[in-house]
Amino acid sequence: MPKLTLPVRLALLVAGTTLPLILFASGIVFHNYMQDRSDARQRVLETVRSIRLTLDAEMQRMTGGIQVLALTDALTTGDFERFRPIAMGFLEQYGKDGTIVVADREGHQLFSSATTDTAHLPLRSNREITARVFETRQPQYSDLFYGVVKKSLIVTVEVPVFRNGEVVYDISFSPPIAMFQTILDKQRPNADWTLSLLDRKATVFARVPNLAETFGKQATPSVMDRMMSEHEATLSSVSLEGQPLLSSFTHSSLTGWIIGAGISETSLVAPLWRNLAITSLLGGIMLAIGLAFAVRMATTIARAEMLHDLLIEELNHRVKNTLAILQAIAVQTFRSASRHEREKFEGRLGALAEAHNLLSKEKWQGSELEDVIGRVLKPYRLNTPERIRISGPKVALSPRLAVVLSMIVHEIATNAAKYGALSNDTGTVDLSWEFNQPDAAKKLPGRLRLVWRETGGPVVSAPIQRGFGSRLIERSARDQLGGEATVDFLPPGVVYTISCKLDD
C-alpha cells in the first residue's frame, strides 16, 4: 500500500473532521425543526382557545344585552310599538345589519326591527330553536340557517321573555356576520394562518382567508368526523383550498360553535430546508477553507519538521471555530410563551373584554374611571339610565387598575341584577367615588374610594355562605389593588365600599 503524502493525510483529516460536524449541525437543525413543530402544535391549540375566550366574552356580552331587553316592560306586556325604539337603540352598537325578531311559541313573528309591517311577517324559518327556547327556558345559539327576514344565511342568539314566570315570547337577535369576521382578523397571527368559526354542524360562517369561497361550506370530511366526536384536538389536516395544515379545533361550551385554526405546513418545512441549505453551504465553504489551509500547512511542514506541532494546533483551533460557527447558525429556535387556560373565569370575561376594548382604543395608555364603569354598566343603563346614578371626579387609571376595577364593578352589578336593586322595577343604585391626590413629600400614592349604594330593592339579608364572586371582589381589591373591599347589608340596601391606591 503506497504511503500517503503529508498534504493528502491532512486533507483527509480535515474532511474526516469537518464532515461529521456538518452532519452533527444538520442533526441540530432537524431537532430544532421537530421542536418548532411541537411548539407550533401548542400555538395553534392556544390560538383556538384564545379565540374561544374572545368569542364567548363577546357572546356573553351580547346575550346579557338581549336579556336586558327581555326584561323591559314594553316587551313583557306585548307593547311592540313602545318596544321598537328600545330595540333600535340596542341595534345601534351593531350597525345596520343586526336584526331583532320576536316570535311566539308557534313561530309567528310578532315584531321585526327590519319592518314596521308586522301584519305580513312570515313564520320563522328556524322554528326548532324557538321550540327549544320555550322548552328549556334558557338562551339558545343557532346553527347557520336561512333567515326569511334578512334573506341570507345567519346565526342567531335566542332569549326567552317571561311574564308571570312563564315564557311568552322568544326574542331573537341575528348579529352581523362581519362582527365574527372582525374577531378572526384581529386574532390571526400572520398570513400563514387559517382561522375559522363553524356552527355545531361544522358549517363555516366566518373565516380568514377566502370567506366568500368557503361561507356556508362544511369542513373537510376527515376534520369534520373529529369535530363531531371530540371536544378539542390537534391534527394534520387539509384546508378547503387543499392546503396541508397543522391545525387545532375546540368547541365553545357556551354556544356549541367550533373554533378552528391551522398553520401552513409549508411555513414549518421551509425553515428546515433553508437551514439545511445554509448549513451545507457553510459547511462546504468551511471544508474548502480547511482543505486550503491544510495544503498550505502541509507545504510549510515540508520545509521544517519543527513547525509540525504548531500547525496541527492551528488546524485544530480552526476546526473548533468551524464547529462554533456551524452551531451558532444551526441553532435557530422560536419559542412562544404557553397560555394557561382559565376556564373558571369565562363567565366574567365579558367585563374584561370591554376593559380591553377601551384600553386598546386608548393604545394601552390607560383610561378614565368613568369610561370603564360606563362600559361595564352599559347593558343595565340601556333602557332606564336613571336607575343607576354615577358621580365622581375624573380619575385616570392605569391599564392594570382598569381591568381589575372593571371586573369588580361587573361582579357587583351582576349581584345587583340577580338579587339586589336591579332585580326589580323600582330599585336604584348610586355609584360615587372620591379621589385623594398623592403626597409626593410623604411618598404617599393617590387613593380611590368607590361606593356602590343600593335602594328600593328586595328585602336585604346577609348570605349564609360567601360565593366565588364575593371572594373575587375581596381578593382583587386586596391583592391586585392594594386596598380593601367591604359589603354592608343595610335595611335600605346593600352597600359596597372599594378603596385602593392608584398607580403612578
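Just so it is clear, the structure is predicted and the values come from calculations on it, not from any experiment.

Chemist: Would you explain the overall build of the protein in this entry?
Modeler: Scanning the protein from N- to C-terminus turns up 13 helices and 19 strands. Looking at the 504 residues of the protein, the share that counts as buried comes to 45%. The long-range share in the protein, meaning contacts at least 24 apart out of those at least 6 apart in sequence, stands at 63%. When the accessible surface of the protein is totalled, it reaches about 25700 Å², and 56% of it is carbon and sulfur.

Chemist: Please clarify how the nonpolar core should be interpreted in this entry.
Modeler: Grouped burial of nonpolar side chains is what soluble globular proteins tend to show. Of all hydrophobic cores here, the largest spans 48 residues; its most connected members are F83, I100, I171, F180 and L197. Residues in contact with F83, not counting those within four places in the same chain, are L69, T72, A74, L75, V102, F111 and I171.

Chemist: Whenever I open this one, the pattern of salt bridges confuses me. Can you help?
Modeler: Pairing is possible between side chains that carry opposite charge, provided their charged atoms lie close to one another. Scanning the model with the defined rule gives ten salt bridges in all. R49 is the salt-bridge partner of E232, the closest N and O atoms lying 2.7 Å from each other. Of the two residues, E232 sits in strand 10 (residues 232-238) while R49 sits in helix 1 (residues 6-70), which places them 183 residues apart along the sequence. Taking relative accessible area as the criterion, E232 reaches 26% and is therefore assigned partly exposed. A salt bridge links D73 to R82, with the shortest nitrogen-to-oxygen separation between them at 3.0 Å. Overall, D73 belongs to the partly exposed group, its relative accessible area being 46%. Among the ionic contacts, a cluster of salt bridges with common partners joins D73, D79 and R82.

Chemist: Would you take a moment to explain the packing of aromatic side chains for this structure?
Modeler: Aromatic ring pairs are described here by two measures, namely the spacing of the ring centres and the angle between the planes. Tallied over the full model, the rule gives ten aromatic pairs. Measuring from centroid to centroid gives 5.2 Å for F83 and F111, while their planes differ by 70°, and the two rings are edge-to-face. Of this pair, F83 sits in helix 3 (residues 80-91) while F111 sits in strand 2 (residues 109-112), and the two are 28 residues apart along the sequence. Just as F83 is buried, F111 falls in that class too.

Chemist: Any chance you could explain the pairing of strand 10 here in plain terms?
Modeler: Regular strands show a simple pattern: their side chains alternate between the two faces of the sheet. Of the strand pairs in this sheet, strand 10 and strand 11 (residues 244-251) are connected by seven bridges, and their pairing is antiparallel. Bridge pairing links V238 to P244 in strand 11. Connecting strand 10 to the next strand, strand 11, in antiparallel fashion are five residues, including G242 with a positive phi near 85°.

Chemist: Help me understand the sheet that holds strand 17 (residues 447-455) in this model?
Modeler: Two modes of strand pairing occur in sheets, parallel and antiparallel, and in both the strands are linked by backbone hydrogen bonds. Read across the sheet, five strands follow the order 14-16-17-19-18 without closing on themselves; strand pairing throughout is mixed. Every interior strand has two partners, whereas the edge strands, strand 14 (388-391) and strand 18 (484-489), have only one. For this sheet, the mean inter-axis angle between neighbouring strands, taken without regard to orientation, is 10°. The sheet contact formed by strand 17 and strand 19 (residues 494-501) spans seven bridges and is antiparallel. Note that in strand 19 the partner of R453 across the bridge is V495. The sheet strands contacting helix 11 (residues 369-381) are strand 14, strand 16 (428-436) and strand 17, and the helix crosses strand 14 at an angle near 175°. Sheet strands touched by helix 12 (residues 399-418): strand 17 and strand 19. Its angle to strand 17, the strand with the most contacts, is close to 15°.

Chemist: Looking at this structure, I do not really get helix 4 (residues 127-136). What am I missing?
Modeler: Structurally, the α-helix is built with 3.6 residues per turn, so residues lying three or four positions apart point the same way. Listing the buried residues of helix 4 in full gives I129, T130, V133 and F134. Looking straight down helix 4, one finds that the buried residues subtend no more than 145° of arc, so they occupy a single side. Away from the buried face of helix 4 by more than 90 degrees, exposed residues E128 and E135 are located. Among the structural elements, strand 1 (99-103), strand 3 (140-141), strand 6 (157-163) and strand 7 (166-174) are those in contact with the buried residues of helix 4.

Chemist: I keep staring at the confidence of the model for the protein and nothing clicks. Help me out?
Modeler: Detail in the predicted coordinates should be disregarded across regions flagged by low pLDDT. Per-residue confidence for the protein gives a mean pLDDT of 78, with 71% of residues at or over 70. Ignoring residues within four places in sequence, the model shows residues 311-348, a span with pLDDT below 50, making 67 contacts including any to other chains.

Rules behind the numbers
Each chain carries its own residue numbering, running from 1 in the direction its sequence is written. In keeping with the model being predicted, local features are shown solely for residues with a pLDDT of at least 70 and side-chain atom pairs are shown and tallied solely at 80 or more, while totals for entire chains, interfaces and linings include all residues. Side-chain numbers come from the whole structure's heavy atoms, not from hydrogens or water. A run of H or I in DSSP becomes a helix once it reaches four residues, and a run of E becomes a strand once it reaches two; helices and strands are each numbered from the N terminus. Here the term buried applies to any residue with accessible area under 20% of the maximum for its type, exposed to any over 50%, and partly exposed to those in between, with areas from a 1.4 Å probe on protein chains only. Note on definitions: a residue-residue contact is assigned when non-hydrogen atoms from the two residues lie within 4.5 Å. Using a 1.4 Å probe, accessible areas were evaluated by the Shrake-Rupley method; residue-level cover was limited to the displayed protein chains. Put simply, buried Ala, Val, Leu, Ile, Met, Phe, Trp, Tyr and Cys residues joined by side-chain atoms within 4.5 Å make one nonpolar core. Criterion for a salt bridge: a side-chain nitrogen of Lys or Arg within 4 Å of a carboxyl oxygen of Asp or Glu. Aromatic rings from Phe, Tyr and Trp, taking only the six-membered ring of Trp, are treated as a pair when their centres fall within 6.5 Å; an angle between ring planes under 30 degrees marks them as stacked, one over 60 as edge-to-face, and anything in between as tilted. Paired strands, in this sense, are two strands between which DSSP finds at least two bridges. Fitting a line to C-alpha atoms yields each axis, with helices limited to the stretch in contact; the angle taken between N-to-C directions then spans 0 to 180 degrees. It is the directions from the helix axis to the C-beta atoms that the arc portrays. The predictor rates its confidence in each residue with pLDDT, a number between 0 and 100.

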